[in-house]
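Notes for the structure review
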Amino acid sequence: MILNRPESVDEKRLSSIVYNEDINISEIIEENTNNTISNGKKRRVLLSDFGTIDTETTTIRACSVNNPFDFPISVTYLYQITLFDYNFIFRTSDDFSSFLNTIVVELNKHNATLVFYVHNLSFEFQFFKAFLNIDSDSVFATKPRSIMKFTTDDGALEFRCSYYLSNMSLEKFTENFCDETYRKDKDLIDYEIERFPWTELSDEELYYSLMDTITLYHAIKNIMEKDGDNIKTIPATSTGYPRRDGRIACIGKSSYHRTDEQKKYVKLFHKVRIDKHMMELAEKAFRGGNTHANRFYANQHLYNIGSYDFSSSYPAVIVASDYFAMSKPVECTKDVQDLDSLKYYANKYWMILRILFKDIEVRDYKKVVCPYISKSNVLYDRKEDGIYDNGRILKQNGYVEITCLGNELPIIMGQYKGSFKVIEAYYSHKGYLPDLLRKTVLNYFHTKTELKGVQGKEYEYMKSKNKLNSFYGMMVEKMVKPIIEYSLGKCIMRQPTEEEIEDAIAKFYSNRSNKYLCFLWGVSITAVARVRLQEMIDIVGSDFVYCDTDSCKMRSPEKYIKKFDEYNEEWIKKADNCGLQYYAYTKNNEKQILGIADRESDYKEFITLGAKKYAVINQKNVLEITIAGVPKKAGALLLGNIDNFKPGFVFKTSDSDSNSLRQLWKKTLFYNDDINEVLTIDGKQLNITSYVALERTTYELNITDEYQDLIQENYLNTLMVQDDVYFN
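To keep things clear, this report deals only with the structure shown in the data block. (Residues numbered from 1 in each chain as written. Predicted model: local features only at pLDDT ≥ 70, side-chain atom pairs only at ≥ 80, totals over all residues. Heavy atoms only, no water.)

With that settled, consider helix α2 (residues 93-109). Taking 1.5 Å of rise per residue, the 17 residues of α2 would be expected to cover 24 Å, and the 24 Å separating its terminal C-alpha atoms lies within 8% of that figure. Residues Phe96, Ser97, Phe99, Leu100, Ile103, Val104, Glu106 and Leu107 constitute the buried set of α2. (Helix = DSSP H or I, 4+ residues; strand = E, 2+ residues; numbered from the N terminus. Expected span 1.5 Å × (residues − 1). Buried < 20%, exposed > 50% of the residue type's maximum accessible area, 1.4 Å probe, protein only.)

Printed below as a string of structure tokens:
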């Protein structure tokens, strides 16, 4: 059958698609078993080529004409497969399963495995597990509902998630890595219309659906060819690419052929080896970016707001900071029980420590506009005995325990007063990360900068940009992770036992693991970045409005141009000492410096209701919003006007809204693992098994009563600042 390109589709896309109904798939598999890749002496061979699968599902609302239950149900009405230059469609799970079984029979004759990629495998897995025989031990999940890969129990079929591989939507993935012919377009199909396996589908619907598997196949094929990979060597995740680059650069492909510099790196890696206790301490010390709003400007409509953003904040820390542990941490608890000794160690060494505070409060309520210590650090259920700024401590009666690094102490001591005791402290000599590791990051930065906008180098630019942005993520990967086990159709997550933790740590440092990144280094990256962000906040002082990880927004930005210029000059002086070229040049010979504070475009209007919750009018008079969990474009359309950004506003869509808006909007996922029912719809029987249903949801813009009280001016005026007792 031939599907011609619909008029609604860009003319640059495939002019037609051929899909097959009557074809002998056994013969096709037989032909391709001659092209395989060894996967180990005792394992099945891998077919060199791969397939892609996608499905189309429909959600039937609760208590509706076709759904007698008080919960939504979902069924699959279309299965699409692209395999060996052929395209297939099936309407029922029986036909789809039968097709796969035919493939399996041929694969088993040759002890071979065929790989299928599915974009967002976690979604399809919820349906597939009802009719596929899954090898429980093969299910690899990062969370109970986040499936990265699995194989069938005979090993003939392996399913991988291409979203993990790309870390992008299918639309973005194909836009970045395919030519115009093979790109995923925004769907014009209304997927909220109920469809069933017997529903007649238009050629337009079939074209859009098959393009999902065709474009996915070409995107993966392209990155394989560009990076010299095959079905065995291609990484499972987007961070796998920089992890591989770093491993080859730092420790080599083989322990038998390492350079002297690589041997030196391996020696350092084991020198900084940590045990279970230090690992747990580091996990407590780890924090992400600092995101907070100035309570004095919360829920206020502001104008002329400036913003400075660090250029590649985390990569800059990796390259130019010398605050990384260079030896095994040694305990120094008894040596830092007075303030002077603590300051000495914190300045001279890399430190990690646990501190117990009692009865603390900020030194100056007006000047401390971004409190550093989280309410979650409060001990002994005394959270009611304090004053909090959207989850940050302004004042706390009782005890607060915090685990942090030594470079964070000046922030904490500068903001808070009260009593403290160092419970536990360790120090290490500090220094720059090894050149082999830093040069890997710099290579990405240089390539990204030099190739931006260069015609014909779009792939190399995008790849280097993605690697640069994801390098940090692999450096904070936990050494020991929760264990997720698949049994009876469900993934159950549990914490590892003490023995399993010790075994995991031993495995982490074994020669066969090929690990080369120290978790302590990852913890340092975000700590240094938070200190740098605090420096930006301190520059603007009371004009500080909002910060998020690597950016700082402020009132009257013109006042601070000179100060930021001076700040950048100091950064350049510091970076000059790192021994590597921390800058690059664009195609127009413009110098780009890693880690400087760049001024972004100002906002004409700005309003925030706390962390990850703000709206702006940009210089083009376009409304933009940032709300955790809310789609940006759809949210801005629903908000309509920045004046509506206030507590109580409800983001919601209706059936009368446009198809594009309904598709963009936030969805609630309803999982059902145990159902096995037969419904009669349109006079036909439909078996309902495990599924996940999607339904549009609402979101109410709100703040807690506690935060509402805090930001009221009359409440702030009643706060009494006690005598400054400092630390004692």
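This part takes up helix α17 (residues 561-576). Between the first and last C-alpha of α17 there are 23 Å, a value that for 16 residues agrees with the 22 Å anticipated at 1.5 Å per step. Where α17 is buried, its residues meet β12 (302-310), α10 (313-320), α16 (519-540), β23 (551-555) and β26 (597-599). (Contact = heavy atoms within 4.5 Å.)

Our next topic: the packing of aromatic side chains. Per the stated rule, a full pass over the model turns up 44 aromatic pairs. A ring pair is formed by Phe90 and Phe99, whose centres lie 4.8 Å apart and whose planes are at 45°; its orientation type is tilted. Since its relative accessible area comes to 15%, Phe90 is described here as buried. A ring pair is formed by Tyr265 and Trp521, whose centres lie 6.3 Å apart and whose planes are at 80°; its orientation type is edge-to-face. You can see Tyr265 sitting in helix α8 (residues 260-271) and its partner Trp521 sitting in helix α16, a full 256 residues away along the chain. By relative accessible area, which is 0% here, Trp521 ends up buried. Each member of the aromatic cluster is reached from another via a ring pair, and the members are Tyr79, Phe96, Phe116, Phe125, Phe128, Phe131, Phe150, Phe159 and Tyr486. If you follow Lys463 out to its NZ or CZ, it ends over the ring of Tyr241, 3.5 Å from the centre. For Lys591, the ring lying beneath its charged end belongs to Tyr583, and the centroid distance is 4.2 Å. (Phe/Tyr/Trp six-rings, centres within 6.5 Å; stacked < 30°, edge-to-face > 60°. Lys NZ or Arg CZ within 6 Å of the ring centre and 35° of its normal.)

This part is about the state of the cysteines. With the rule as written, the count across this model stands at zero disulfides. A disulfide-free cysteine, Cys370 has its sulfur positioned 4.0 Å from the sulfur of Cys547, the nearest such atom. With relative accessibility at 1%, the residue Cys370 sits in the buried group. (Disulfide = S-S within 2.5 Å.)

Let's shift gears to empty space enclosed by the protein. Summed over all chains, the structure comprises two cavities of 30 Å³ or more. Here the largest cavity defines a volume of roughly 60 Å³. Considering the residues around the largest cavity, the lining is formed by Val9, Arg13, Arg183, Lys184, Asp185, Tyr207, Tyr208, Met211 and Asp212. A per-class count over the lining of the largest cavity returns four nonpolar, no polar and five charged. The calculated volume of the second largest cavity comes to roughly 40 Å³. (1 Å grid on protein atoms, 1.4 Å probe; cavity = no way out; pocket = protein on both sides within 12 Å on 5 of 7 lines; lining within 4 Å. Points joined across faces, edges and corners; volume = space filled by probe spheres on them. Nonpolar A, V, L, I, M, F, W, Y, C, P; charged D, E, K, R; others polar.)

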